[in-house]
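# Coordinates in review
Chain by chain, the residues run as shown.
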Amino acid sequence: MKILFLVYHGFSEVSGISKKIHYQVKGLRENGHDVRLCYYDLGSNGHWCRFVDGRVIADYGSGPLSGLRQRTEMGSLLDYCQREGIRFVYARCFQNASPWLIRFFRKLREAGIKAVTEIPTYPYDAEFRNFEWKVRMGLKVDQLFRNRLYSEMDAVVTFSDAKEIFGQRTIRISNGVDFDSIPLHHYRPTNDDTLHLIGVAEVHPWHAFDRVMKGIGEYYEGVRQRNEGKPVKNVCFHVVGGVHPHHMARYFTPIIEKYGIQERIVFHGQLFGKALDDVFDMCEFAVGSLGRHRSGITVIKTLKNREYATRGIPFIYSETDSDFDHQPYVMKAPADESPVRIQDVIDFVNSHHFEPAEIRKTVEHLTWKIQMAHVVDAVFSA
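Notes on the structure follow. (Residues numbered from 1 in each chain as written. Predicted model: local features only at pLDDT ≥ 70, side-chain atom pairs only at ≥ 80, totals over all residues. Heavy atoms only, no water.)

### Observations regarding the packing of aromatic side chains
- Evaluation of the coordinates by the stated rule reveals 23 aromatic pairs.
- Between Phe-315 and Tyr-329, the ring centres sit 6.0 Å apart and the planes meet at 55 degrees, which makes this aromatic pair tilted. Separated by 14 residues along the polypeptide, Phe-315 in strand β14 (residues 315-317) and Tyr-329 in the loop between β14 and β15 (330-332) bring together distant segments of the chain.
- Ring pairs connect the aromatic residues Phe-280, Phe-285, Tyr-308, Phe-315, Tyr-317, Phe-324, Tyr-329, Phe-348 and Phe-354, which therefore count as one cluster.
- Cation over ring: Arg-311 sits above Phe-280, and NZ or CZ is 4.0 Å from the ring centre. (Phe/Tyr/Trp six-rings, centres within 6.5 Å; stacked < 30°, edge-to-face > 60°. Helix = DSSP H or I, 4+ residues; strand = E, 2+ residues; numbered from the N terminus. Lys NZ or Arg CZ within 6 Å of the ring centre and 35° of its normal.)

### Some points on the environment of Ile-359
- Locating Ile-359 in the fold gives a position in helix α11 (residues 356-361).
- Judged by its relative accessible area of 2%, Ile-359 is buried.
- For Ile-359 and Phe-272, which are 87 residues apart along the polypeptide, the C-alpha to C-alpha distance reads 22 Å.
- Ignoring anything within four residues of it in the chain, the contact list for Ile-359 reads Ala-309, Gly-312, Ile-313, Pro-314, Tyr-329 and Phe-354. (Buried < 20%, exposed > 50% of the residue type's maximum accessible area, 1.4 Å probe, protein only. Contact = heavy atoms within 4.5 Å.)

### Let's talk about the packing of helix α1 (residues 16-30) against helix α12 (residues 368-380)
- The contact between α1 and α12 brings their axes to 8 Å, and the two run at 70 degrees. As the angle between them shows, α1 and α12 are arranged roughly perpendicular. Where α1 abuts α12, its residues Lys-20, Tyr-23, Gln-24, Gly-27, Leu-28 and Glu-30 lie against Trp-368, Lys-369, Met-372 and Val-376.
- The residue makeup of the contact of α1 with α12, split by class, is 5 nonpolar, 2 polar and 3 charged. (Axes fitted to C-alpha atoms, helices over the stretch in contact; angles between N-to-C directions. Parallel < 35°, antiparallel > 145°, perpendicular 65-115°, else oblique. Nonpolar A, V, L, I, M, F, W, Y, C, P; charged D, E, K, R; others polar.)

### Regarding α12
- If you check α12, its first and last C-alpha atoms are 18 Å apart, about what 13 residues at 1.5 Å a residue would give, namely 18 Å.
- Buried residues of α12: Trp-368, Gln-371, Met-372, Ala-373, Val-375, Val-376 and Val-379, and no others. (Expected span 1.5 Å × (residues − 1).)

### Considering the nonpolar core
- Judged by nonpolar contacts, the single largest core of 34 residues is most densely connected at Leu-4, Leu-6, Val-89, Phe-105 and Leu-108.
- Sort the elements by how many residues they give to this core and helix α4 (residues 99-110) lands first, with 5 residues.
- Excluding residues that lie within four positions of it along the chain, Leu-108 makes contacts with Leu-78, Cys-81, Val-89, Ile-113 and Ala-115.
- Grouped together as the second largest cluster of nonpolar side chains are 33 residues, Leu-195, Ala-201, Val-203 and Tyr-219 included. (Core = buried A, V, L, I, M, F, W, Y, C linked by side-chain atoms within 4.5 Å.)

### Some details on the sheet that holds strand β12 (residues 265-269)
- Judged by pairing direction, the sheet is parallel, and its 6 strands sit side by side in the order β12-β11-β10-β13-β14-β15 without closing on themselves. The open sheet has two free edges, formed respectively by β12 and β15, since each of these has just one partner strand. Recorded for the sheet is a direction-independent mean angle of 25 degrees between the axes of neighbouring strands.
- Relative to strand β11 (residues 234-240), strand β10 (residues 194-200) is paired through 7 bridges, and the arrangement is parallel. Bridge pairing in β11 places Gly-199 opposite Val-239. (Pairing = 2+ DSSP bridges.)

### Let's talk about the sheet that holds strand β5 (residues 88-92)
- Strand order in this open sheet of 9 strands is β4-β3-β2-β1-β5-β6-β7-β9-β8, and the pairing throughout is mixed. Lying at the two open borders of the sheet, with one neighbouring strand each, are β4 (55-59) and β8 (164-165).
- As judged from the 4 bridges shared by strand β6 (residues 114-119) and strand β7 (residues 155-158), these two strands associate in the parallel manner. Bridging from a neighbouring strand, Ile-119 pairs with Thr-158 of β7.

### Things to note about the side chain of Thr-158
- Relative to the helices and strands, Thr-158 is located in strand β7.
- In this structure Thr-158 comes out as buried when scored by relative accessible area, which is 1%.
- Polar side-chain contacts of Thr-158 include one of 2.7 Å to the side chain of Ser-160.
- Aside from chain neighbours lying at most four places away, what touches Thr-158 is Ile-119, Ile-165, Thr-170, Ile-171, Arg-172 and Ile-173. (Polar contact = N/O pair within 3.5 Å; in protein donor to acceptor, adjacent residues only side chain to side chain.)

This is the structure in structure tokens:
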């Protein structure tokens, strides 16, 4: 079957979202489908263009109006779908509902082409609370048109437990994993008897890494107050991924300075490949999302939990995730603003031993090949 995977933006080599999209396309292809990847990016001529598998199907020129043209011109995409015999369009939500997008999906439906949109996080409105006003205005437009938009589709794909989103039925799947791209964890202890923690993310408030930092600060503060001199265990938290200066100033810097834990928090920036693997292999424990409640989300199947499990490293998170809530290699933090109790993490690590290969086995059913097959089956069996 010919499938168009529709994305409303371009890609980055270090972006987890970009990697996920390519793994999803790979998963569909592993199920025997002819999958075309459509995206919007800068062309070699300096113009903003819509591409399908590297080939330009629409050139929107340069300058500030190019983005507007891309949002309103959908005829080239519709022509492509009809000309190429596309039977199914899998789109990824970009909070960009509009009259032009509604018309496009209505035309697909009239042409007998099935369509779904994946909403990566739901509900998502609260995630925009601290964004600049232009982004928040874009959300207002999305709110005006999204119910009408999704009524033109066959379903909404979600990683939540919601049975209906914006008036449309849902197909509930888990975020998937790609075993070929994630190596097994090979822990290599350092010589200073330090517990190294790792958190990987393009950092946002809902990751709540500040809860770990405050927990480390209180752990060392407790040692000083008890006049114990040296702590039972040294702790270091490695943050891998981009951190916006505003986020650093609001969430991280005050905690680090208050407790004097500058040497205990290491910001690596974006890493991938061997550089990322090397940091993972010096760490015993990973940190998932600890603040999804800040966005009004209680149930979600995050990609990061699955990536940690695929590597084979134990981890902590605070949301409800039915794939992992019962696993022995997982610690659950309360979904509130309390600091993470570092002594509890130390005790957990000291009292358990998990083989990375055994942890990985628990997510064999979560490959993208299997998850994407669920979507196709649900659409064409309805």
